[in-house]
Amino acid sequence: MTDTFDFDQFLALPRLSGLRLSPDGRRLVVSVARPAPDGKSFRSALWQMDPEGTAAPRRLTRSAKGEGDSGFLPDGSLVFTSARQDPDAKPGEGGDDDKPRNGVWLLPADGGEARLLVAPDGGADSIATARGTAALAFGAPVHVGATSLAEDAALEKRRKDAGVGAILFEDYPIRHWDEWLGPRHRRLFGIRLDEPTSTAQAPDAAAANGQVGEAEPRVQPRDLTGDRGQAYVEAAMAVSPDGRTLYTTHRDPARLPLITIDLASIDVASGEERLLTGGDAWYADPKVSPDGRWVVCRRETWGDPEHASRSTLWVHDVAAGTGRILAEGWDAWPESAEWTADSTAILATAGQDGHVAVFRIELADEHVTCLVPEGHLSDLCPAPDGETVYALRSTVETPARVVRFRARGEGQQAEDVAAGIDDGGFVGPGRVERLETTAADGTRVASWLVLPPDAAAERPAPLVVWAHGGPLGSWSGWHWRWNPHLLAARGYAVLLPDPAISTGYGQAMIERGWGRWGEAPYTDIMAATDAALARPDLDAERTALMGGSFGGYMANWVATQTDRFRCLVTHASLWELRGFHGTTDTGTFWEYEMGDPYREPEGYLVHSPYEQLAGIRTPMLVIHGEQDFRVPVSEALRLWTDLRRHGVPGRFLYFPDENHWILKPQNARLWYETVLAFLDEHVLGQEWTRPALV
């Protein structure tokens with residue numbers, strides 16, 4: 001795109017996620033994704049880093065399929081998921097390239113080759129490990145009626161041999177993001193590597209039993225849940241330190257339109273499940289304390305058309321069987337939580353004024369301290385010494401890097417762990433500034449502004465306003481999907497506004513936009529745009545607006561309200577809200593915000609861009625993926641039909657093999673090529689250049 005920063009350079013940057021710290025605090029492991037050799041997909045590998053920053057990073061895994069989720073066992077062994085081929089499999093047993101099986105693998109603490117523990121036919125996901133014993137849990141989809149993983153595989157083979165792909169549904173919902181919730185249902189499984197009777201022997205035990213040089217036996221995991229329908233869709237897990245209890249969440253749609261998600265405990269020995277909360281909110285992401293006495297999780301109220309949802313932290317006392325909201329007066333929207341090593345405090349991340357900051361909350365007196373206020377921090381890893389915390393940190397300017405900070409102390413600046421994966425310390429080419437203005441009701445509206453390096457009063461840059469998705473969310477760090485620096489490298493300034501309903505500005509900011517998407521969220525974006533265009537280094541005559549998901553909705557809404565922008569780009573966008581309710585993956589979710597569409601459709605009608613179609617004059621680029629079940633492609637099809645029927649100029653970029661996000665590298669390249677060609681045509685007045693591959 002330029003000689004200094006183009007899509008190839010963007011694609012080559014390492015993408016870090018899933019940071020883990022070994023039990024002894026001496027090893028950091030992080031997943032690093034880069035394009036596969038054919039450039040058609042991303043491939044992740046696990047890398048080890050020295051927490052002290054002295055030794056150079058070392059790659060631990062290498063396979064054609066890459067590696068996924070990971071976790072440490074108490075002895076320092078590393079378990080991870082991967083669809084790599086099992087070298088010990090008999091012919092025909094290890095699957096084929098057309099159907100990779102995501103299995104659970106174990107890599108010994110002292111290195112060597114990883115060995116396969118178990119490979120369910122439907123694939124394994126979401127590893128959780130115990131702190132004090134060689135126990136772990138994972139999720140896997142299993143066919144209805146199957147009593148074992150072997151029976152599940154046999155049933156799948158019978159379906160394939162018969163050429164049957166039909167699914168019979170009995171629950172709601174039936175889709176989730178980009179997958180059908182059938183014919184398999186997700187179950188949770190447990191593995192104990194330290195039981196004398198288990199075939200899943202730890203490496204030392206295997207050697208003692210004369211298995212050196214022989215293929216080690218597969219694990220026989222314990223089915224902890226059986227078939228409970230869709231109870232564990234996307235449910236995170238935590239294992240107690242002694243490995244005896246699994247904490248997770250249990251989803252129940254029996255009270256539609258209400259869908260409850262409760263905190264639950266499962267006895268590993270018996271499979272008995274207990275609901276620990278009373279069906280009064282959504283609970284998510286449980287984390288058990290190192291001493292096993294407490295469980296913390298996020299708690300989100302449902303909300304209604306007059307009151308927004310609220311997110312807090314919930315702490316459950318295991319012995320007493322009771323729970324409470326932690327730091328109820330803390331006006332934040334927590335995103336994650338981890339325990340300190342001594343179980344006396346919780347480290348949480350939450351949005352704060354365009355950042356995702358780290359907070360420490362004392363369990364005893366619920367005092368809240370902001371440890372690290374700047375950057376977008378995630379993957380918190382408290383060290384066993386109780387003094388240090390490791391994390392991933394990105395900014396609007398920089399991709400995620402491994403950092404460390406102290407477990408106590410207000411207002412810290414996290415420091416990079418030396419000898420990181422990206423020793424170059426990449427910084428995006430755009431010049432990043434913070435911009436503020438005031439809405440009509442007096443509310444402060446903040447944005448990030450990313451400027452081309454040469455923007456100046458004598459060379460004012462064209463402006464692209466980029467509305468964020470969510471709707472609950474904010475612009476707070478580096479984005480691999482929505483990256484403003486690729487536009488800045490082409491000479492565009494990019495405004496990233498956080499309007500009403502954005503997180504990180506208190507509950508009142510969310511309330512301002514809740515259920516009224518076409519009101520304050522729209523006027524806040526316009527106020528931010530006006531403030532930006534008052535600058536002499538921006539060109540008020542050459543502007544565009546774009547967005548994806550809720551941001552796409554905003555692009556559609558803007559199209560009906562004003563013709564001030566030269567063009568609009570709308571990706572995975574909502575167009576007709578009442579129809580969207582019936583086709584999205586969980587339509588009843590939106591009733592908490594918009595109301596009952598059958599009895600009170602006004603909220604859907606008033607805020608549907610479709611209802612004001614006649615006002616659209618601005619050229620629009622519509623983009624959508626066929627596999628998007630959150631915002632179904634029907635929204636784009638109807639939008640495109642309506643635009644063409646009413647003579648609105650535009651184009652429709654369709655991805656048959658993508659979902660809500662455009663994930664394949666070359667599809668992402670095409671996305672940016674098309675968007676930039678559309679912007680160049682309408683904002684800069686250049687001749688339309690059709691991307692070569694479409």
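Higher on the page you've got the structure.
Undergrad: Provide a residue-level description of helix H12 (residues 665-683), including the pertinent values.
TA: Spanning 19 residues, H12 covers 26 Å between terminal C-alpha atoms, matching the ideal 27 Å at 1.5 Å per step. Within H12, 16 of the 19 residues are buried, which leaves the element mostly enclosed by the surrounding structure. Just downstream of H12 lies Gly-685, where phi reads positive at about 75 degrees.

Undergrad: I'd love a proper account of the environment of Gly-579, names of residues and values included.
TA: One can find Gly-579 in helix H8 (residues 577-583). As a C-alpha pair, Gly-579 and Ala-357 span 222 residues in sequence and 38 Å in three-dimensional space.

Undergrad: Now, about unusual backbone geometry: what can you tell me, with residues and values included?
TA: Cis geometry marks the peptide bond from Tyr-172 to Pro-173; its omega dihedral reads 0 degrees. Mapping Pro-173 onto the fold places it in the loop between helix H2 (149-162) and strand S11 (175-176). The peptide bond linking Gly-470 to Pro-471 adopts the cis configuration, its omega dihedral lying at 5 degrees. Of note, Asp-379 is a non-glycine position whose phi angle comes to about 55 degrees, a positive value.

Undergrad: With reference to specific residues and values, describe the packing of aromatic side chains.
TA: We describe a pair of aromatic rings using the distance from one ring centre to the other and the angle between the two ring planes. The full count for this structure, using the stated rule, is 31 aromatic pairs. Joined through ring pairs, the aromatic side chains of Phe-5, Phe-7, Phe-10, Phe-426, Trp-466, Trp-475, Trp-478, Trp-480, Trp-482, Trp-671 and Tyr-672 make up one cluster. Above the face of the Trp-180 ring, Arg-175 is positioned so that its terminal group lies 5.0 Å from the ring centre.

Undergrad: Would you mind going over the pairing of strand S22 (residues 322-326) in detail, with residue names and values included?
TA: Two strands pair when backbone bridges link them, and strand S21 (residues 311-317) and S22 are joined in this way by five bridges, in the antiparallel orientation. Across the sheet, residue Asp-317 finds its bridge partner in S22, namely Thr-322. Counting the residues that bridge the hairpin from S21 to S22 gives four residues, and of these Gly-321 lies at a positive phi of roughly 75 degrees.

Undergrad: Describe in detail the sheet that holds strand S5 (residues 67-72), supporting the description with residues and values.
TA: Pairing between the strands of a sheet comes from backbone hydrogen bonds, and it takes one of two forms, parallel or antiparallel. Spatially, the four strands line up as an open sheet ordered S5-S6-S7-S8, and their pairing is antiparallel. Lying at the two open borders of the sheet, with one neighbouring strand each, are S5 and strand S8 (115-118). Here the average twist between neighbouring strands, direction ignored, is 30 degrees. Pairing of S5 with strand S6 (residues 78-82), which is carried by four bridges, proceeds in the antiparallel orientation. The residue bridging Glu-67 from the neighbouring strand is Ser-82, located in S6.

Undergrad: Please give an account of the pattern of salt bridges that cites residues and values.
TA: This model, assessed by the stated rule, comprises 37 salt bridges. The closest approach of N and O atoms between Arg-298 and Asp-285, which form a salt bridge, is 2.5 Å. With Arg-298 in strand S20 (residues 294-300) and Asp-285 in strand S19 (residues 282-288), this residue pair connects regions lying 13 residues apart in the sequence. Among the residues examined, Asp-285 registers a relative accessible area of 32% and is labelled partly exposed.

Undergrad: So what's going on with the packing of helix H6 (residues 520-533) against helix H7 (residues 550-561)? Which residues, and what values?
TA: The geometry of H6 relative to H7 is characterised by a closest axis approach of 10 Å and an angle of 80 degrees between their N-to-C directions. Accordingly, the angle class assigned to the pair H6 and H7 is roughly perpendicular. On the side of H6, the interface is formed by Pro-521, Tyr-522, Ile-525 and Met-526, while H7 contributes Phe-550, Met-554, Trp-557, Val-558 and Gln-561. For the contact of H6 with H7, the residue count by class is eight nonpolar, one polar and no charged.

Undergrad: Which residues make up the side chain of Asp-585, and what are the values?
TA: As for its position among the elements, Asp-585 is in the loop between H8 and helix H9 (591-594). At 2.8 Å, the side chain of Asp-585 forms a polar contact with the side chain of Arg-630. Sequence-distant contacts of Asp-585, that is, excluding residues within four places in its chain, are made with Tyr-172, Pro-173, Arg-175, His-176, Trp-177, Phe-629 and Arg-630.

Undergrad: Tell me about the sheet that holds strand S10 (residues 135-143), and name the residues and values.
TA: The four strands are arranged S9-S10-S13-S14 in an open sheet whose pairing can be described as antiparallel. The open sheet is flanked by strand S9 (125-129) and strand S14 (222-223), the only strands paired with a single partner. Pairing between S9 and S10: three bridges, direction antiparallel. Of the residues in S10, the one forming a bridge with Thr-129 is Leu-136. Together, S10 and strand S13 (184-192) form the strand contacts of H2, whose direction differs from that of S10 by roughly 30 degrees.

Calculation criteria
Residues numbered from 1 in each chain as written. Predicted model: local features only at pLDDT ≥ 70, side-chain atom pairs only at ≥ 80, totals over all residues. Heavy atoms only, no water. Helix = DSSP H or I, 4+ residues; strand = E, 2+ residues; numbered from the N terminus. Expected span 1.5 Å × (residues − 1). Buried < 20%, exposed > 50% of the residue type's maximum accessible area, 1.4 Å probe, protein only. Phe/Tyr/Trp six-rings, centres within 6.5 Å; stacked < 30°, edge-to-face > 60°. Lys NZ or Arg CZ within 6 Å of the ring centre and 35° of its normal. Pairing = 2+ DSSP bridges. Axes fitted to C-alpha atoms, helices over the stretch in contact; angles between N-to-C directions. Salt bridge = Lys/Arg side-chain N within 4 Å of Asp/Glu carboxyl O. Parallel < 35°, antiparallel > 145°, perpendicular 65-115°, else oblique. Contact = heavy atoms within 4.5 Å. Nonpolar A, V, L, I, M, F, W, Y, C, P; charged D, E, K, R; others polar. Polar contact = N/O pair within 3.5 Å; in protein donor to acceptor, adjacent residues only side chain to side chain.

All we've got here are geometric facts, nothing functional implied.
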